[in-house]
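Listed below are the residues making up each chain.
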Amino acid sequence: MRKLVAPLSLTALLMLSSSAGAGLFDSNGYPSKGRAIDQLKPAADYNDVLKGRPLALGIMRTRGQGFVPSRELHDYAHGVMMRLLAGVKLPPSFQPDVHILATPEFAGECTPDGTLIISVGLLEQLETEDELAFVMGHELAHAIYRHQTPNWAKKAQYFAVVHGSAADAVAVGAQAMLGGQAGNNVLRGLDVARHLAKLSANVLMPQMSKAQEDAADALGFDLLVKAGYDPQAPLAVMDKLAQQEAEAAAAAAAAKAAAQKDKGNDSGGGFMNKVGGGLSMLGTIAAGGRPSTDQMADIAIFAFDSAVDSMADDATTHHPATERADMLSTYYFAAYRDNGPVAPTPLPWAAESKSPLKPHLIALLSHYTDAENASAFVADAHQGNAAQAQAQLARATAAPTSDHAYTDFVAAEYYDTRNPKQSEAALVRAAAGPEPSWEVYSKLTDIYIARHDYPHAQALMDQAVVRFEDSPVLLPKRIQLYVLEGRDGDAKALVPKCKTYDIDELTDACKKTAGQG
Amino acid sequence: MKSVFVLIVMGAMFAVPAAAATGDTCSASGDLVISARTPQVDLYDAAGGKRVQTMDAAKFPACTPITGRAPNMMLQISVSGTKYWVPPYMVKYRFAGKLPAVCRNLAMGSNTEKVGATRGLGEGCPKPGAK
């Protein structure tokens with residue numbers, strides 16, 4: 001659950017023309033004639049953005065369950081990326097890499113340093129390597145063009161702090177449900193948190209313009225064709241996106257209708273009071289507290305009033321997928337019409353694949369699918385049953401994913417109330433694994449805190465500080481732990497650090513936790 | 001980036017995408033090629049074969065049933081009684097079937113959002129606790 005979109009920005013358009021060559025590109029980002037790759041003028045030096053890689057990776061690692069720790073999967077995706085770049089003249093300082101994000105979302109993005117982020121959900125749904133290559137080519141284009149704004153890290157950290165709080169709200173709501181305390185307000189609160197998360201994801205993350213996205217489509221298409229992949233693959237990707245967009249539009253309409261019904265029942269307070277309610281909830285959660293169900297419900301109106309009711313199509317980052325497909329088709333017709341059909345390349349986990357990686361990657365991805373299905377049952381008992389979920393988790397937490405944060409975190413959630421020792425064991429496994437996530441650290445720290453085992457909690461927190469590049473996301477919990485340990489001086493010393501991020505919610509949470517609020 | 005109030009203001013920029021118009025005026029059901037998408041449409045003798053004919057968009061038959069789909073997405077249609085394959089980028093098409101919704105997560109708080117170049121999943125899925 002995380003991520004981006006950007007307001008259409010003149011600055012971004014200017015950036016595009018300066019990086020790609022003024023006058024060569026249409027206002028939609030496609031070349032006015034010829035191929036984008038033939039007009040490509042990469043930056044002379046990418047060292048400045050490359051220096052930001054450790055910080056970018058630290059930020060990405062705080063999302064959800066972080067990266068999938070699989071050398072095989074990394075090497076496969078890296079191989080696709082290098083095939084796309086073969087023969088493209090780029091300076092040695094352009095050093096792209098790829099990481100797989102452990103999330104069921106259908107997601108691809110790129111950090112400023114040239115790290116492509118591909119989600120497990122994307123890998124699960126794409127049907128050919130050619131489709132994957134187009135997504136990766138699109139993201140590579142962003143990196144080559146240096147589309148990310150200089151304040152990416154700052155915005156990404158802001159997103160991580162606020163969005164992480166919303167995610168926590170979902171977890172809090174889910175816990176309440178599992179504890180048998182579910183009521184209408186909790187259910188509403190879950191909806192609220194989900195929509196708040198969506199709102200923050202769309203608004204807060206570093207964003208690009210439509211023109212930049214179109215330029216990335218054009219160059220991504222060129223890279224795809226040059227590498228010998230099937231040029232029809234982008235259409236298949238757009239078909240998938242179009243379907244998701246249609247489903248999203250239908251869900252939004254239903255959500256809006258539900259919100260309007262809620263508004264009709266609302267006893268009042270007005271919009272600003274709802275905003276206040278939302279702020280209050282965020283502050284409560286960010287400070288490590290548990291929001292009331294009323295607080296969670298209040299923010300629904302806030303979210304819908306400010307977002308859904310104020311929709312503006314022209315402010316989305318991307319054209320709708322059907323329009324993107326049309327633009328890609330126009331480009332294909334103009335620049336590549338004489339290219340004949342190409343046989344698609346199977347993904348290494350496809351039935352027809354002869355890849356030596358096939359057995360390992362099938363096991364890996366099927367375990368993630370098992371964990372996702374178990375997670376669905378944790379969220380909604382109508383999606384499956386306990387015996388099925390236990391069997392799924394038994395598979396998901398076996399090799400090669402026995403110490404993966406995603407699979408173990410789902411197991412921890414499932415066993416949270418059923419078998420706390422088993423839940424803790426899953427978290428301990430993940431914490432000792434190759435890519436423990438912040439959510440794993442956070443949940444395990446809470447367990448240690450609850451039993452007053454502060455040394456273990458502090459040891460975890462010290463590890464997390466290093467692992468997540470001293471992320472601001474950690475600060476409220478670090479302060480909370482210092483206070484509990486009686487280290488008030490250390491707690492207060494972190495408050496000025498919170499202020500340096502210029503995020504009011506974070507500063508307030510830090511001060512409140514340190515006893516200064 | 002000072003406060004959540006900024007988020008509210010910027011929230012006006014958030015938009016749930018609407019499905020773009022496809023120009024689909026075909027009354028027939030099933031899998032269809034609706035119309036030409038590019039100024040001309042190339043017809044191939046096989047999914048991986050050669051271009052054997054080119055038709056101007058205006059002369060391309062509308063609402064033509066799709067009789068086959070190759071792994072490389074080429075679409076088989078019949079034109080004047082002869083079967084050809086067309087590249088999907090050259091035509092607007094519609095499939096009657098729908099990919100099943102992927103209803104996962106939610107406890108992980110992860111599958112309901114659009115992301116980067118893409119859209120999230122689960123929008124049509126049951127809500128947590130829904131009866």
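Counting starts from 1 at the beginning of each chain's written sequence and moves along it residue by residue. Chains carry letters from A onward and ligands carry numbers from 1 onward, assigned in written order. Restriction of local features to residues with pLDDT of at least 70 applies here, the model being predicted, together with a cutoff of 80 or more for giving and counting side-chain atom pairs; totals for whole chains, interfaces and linings are based on all residues.

**Things to note about the overall build of chain A**
Right, so step 1: Per the convention used, a helix needs a DSSP run of H or I reaching at least four residues, while a strand needs a run of E reaching at least two, with both numbered from the N terminus. For chain A, the count of helices and strands is 22 helices and 3 strands.
Right, so step 2: For the exposure call, what matters is how many other C-beta atoms sit within 10 Å of a residue's own: 20 or more marks it buried, 12 or fewer exposed, and in between partly exposed, using C-beta atoms placed from the backbone. Per-residue burial over chain A gives 59% buried out of 517 residues.
Right, so step 3: Sequence-distant contacts, at least 24 apart, represent 72% of the contacts inside chain A between residues at least 6 apart. Two residues qualify as being in contact provided that their C-beta atoms, derived from the backbone, are within 7 Å of each other.

**Section: the overall build of chain B**
Right, so step 1: Within chain B one finds 1 helix and 8 strands.
Right, so step 2: Scanning chain B from its N terminus toward the C terminus, one meets helices and strands in the order α-β-β-β-β-β-β-β-β.
Right, so step 3: Out of the 131 residues belonging to chain B, those deemed buried represent 46%.
Right, so step 4: Relative to all contacts within chain B whose residues are 6 or more apart in sequence, the contacts with residues 24 or more apart total 47%.

**Here we look at the sheet that holds strand β3 (residues 115-119) of chain A**
Two modes of strand pairing occur in sheets, parallel and antiparallel, and in both the strands are linked by backbone hydrogen bonds.
Residue and element names in this part refer to chain A.
Right, so step 1: Pairing between strands is defined by DSSP: at least two bridges between them are needed. Across the sheet, 3 strands lie side by side as β1-β3-β2; this open sheet has mixed pairing. With partners counted over all chains shown, the strands left at the sheet margins are β1 (97-101) and β2 (108-110), one partner each. Neighbouring strand axes in the sheet, compared pairwise and without regard to direction, differ in orientation by 20° on average.
Right, so step 2: As paired elements, β2 and β3 share 3 bridges and run antiparallel to each other. Its bridge partner lying in β3, E109 is registered against I117.
Right, so step 3: In the packing of helix α6 (residues 129-145) onto the sheet, contacts are made with β2 and β3, and the angle to β2 comes to roughly 20°. Throughout, an axis means a line fitted to C-alpha atoms (over the contacting stretch in the case of helices), and angles, computed between N-to-C directions, take values from 0 to 180 degrees.

**A few points about the pairing of strand β6 (residues 75-79) of chain B**
Residue and element names in this part refer to chain B.
Right, so step 1: As defined by bridge partners, strand β5 (residues 68-69) adjoins β6 across 2 bridges and the pair is classed as antiparallel. Pairing of G68 across the sheet is with Q76, part of β6.
Right, so step 2: Turn length for the β5-β6 hairpin, with the two strands adjacent in sequence and antiparallel, is 5 residues, and the turn residue M73 shows positive phi of about 75°.
Right, so step 3: Here β6 pairs with strand β7 (residues 82-86) via 5 bridges, running antiparallel. Within the sheet, the bridge partner assigned to S78 lies in β7 and is K83.

**A look at the environment of F94(A)**
All names here are of chain A.
Right, so step 1: Relative to the elements of secondary structure, F94 occurs in the loop between α4 (71-85) and β1.
Right, so step 2: Of the residues examined, F94 has 22 C-beta atoms within 10 Å and is grouped as buried.
Right, so step 3: Through-space distance from the C-alpha of F94 to that of I503 is 32 Å; in sequence the pair is 409 residues apart.
Right, so step 4: With sequence-adjacent residues up to four places away left out, F94 is seen in contact with P42, Y46 and G114.

**What about the sheet that holds strand β1 (residues 32-36) of chain B?**
Right, so step 1: Read across the sheet, 3 strands follow the order β4-β1-β8 (chain B) without closing on themselves; strand pairing throughout is antiparallel. With one partner strand each, in any of the chains shown, β4 (64-65) and β8 (91-94) of chain B form the two edges of the open sheet.

**Let's talk about helix α19 (residues 454-467) of chain A**
Residues and elements named next belong to chain A.
Right, so step 1: End to end, α19 covers 20 Å across 14 residues, agreeing with the expected 20 Å (1.5 Å per residue, within 8%).
Right, so step 2: Looking only at α19, the buried set comprises A457, L460, M461 and A464. Viewed end-on, α19 has its buried residues packed into an arc of 100°, placing them on one side of the element. Counted as exposed and oriented over 90 degrees from the buried face of α19: P455, D462 and V466. To estimate the expected span of a helix, subtract one from its residue number and multiply by 1.5 Å. Here, the arc refers to the directions that run from the helix axis to the C-beta atoms.

**Considerations on α6(A)**
Residues and elements named next belong to chain A.
Right, so step 1: Between its terminal C-alpha atoms α6 stretches 24 Å, which fits the 24 Å expected from 17 residues at 1.5 Å a residue.
Right, so step 2: For α6, the tally of buried residues reaches 17 of 17 residues, placing the bulk of the element in the interior.
Right, so step 3: Where α6 terminates, the next one or two residues include R146, which has phi positive at roughly 55°.

**A closer look at the nonpolar core**
Right, so step 1: To define a nonpolar core, we join buried Ala, Val, Leu, Ile, Met, Phe, Trp, Tyr and Cys residues through C-beta atoms within 7 Å and take the resulting set. Counting residues in each nonpolar core, the largest one holds 137 residues, and the members touching the most others are I118(A), A133(A), M136(A), L219(A), V410(A) and V86(B).
Right, so step 2: Each residue touching V86(B), except ones within four places of it in the same chain, is listed here: V33(B), V41(B), L43(B), M74(B), L75(B), I77(B) and V91(B).

**A short note on the domain arrangement of chain A**
Residues and elements named next belong to chain A.
Right, so step 1: Domain extents, as shown, originate in an automatic or database domain assignment. What the domain assignment lists for chain A is domain 1 (1-151 + 208-262 + 317-347), domain 2 (154-205 + 266-315) and domain 3 (359-513).
Right, so step 2: Across the boundary between the two partners, domain 1 contributes 21 residues, which contact 22 residues of domain 3.
Right, so step 3: Elements represented by at least two residues in the side of domain 1 that touches domain 3 include exactly α3 (53-61), α4 and α5 (120-125).
Right, so step 4: No other element matches α3, which puts 5 residues into the side of domain 1 that touches domain 3.
Right, so step 5: Any residue that is not Ala, Val, Leu, Ile, Met, Phe, Trp, Tyr, Cys, Pro, Asp, Glu, Lys or Arg is counted as polar, Gly included; the first ten are nonpolar and the last four charged. Here the side of domain 1 that touches domain 3 is built from residues that sort into 12 nonpolar, 6 polar and 3 charged.

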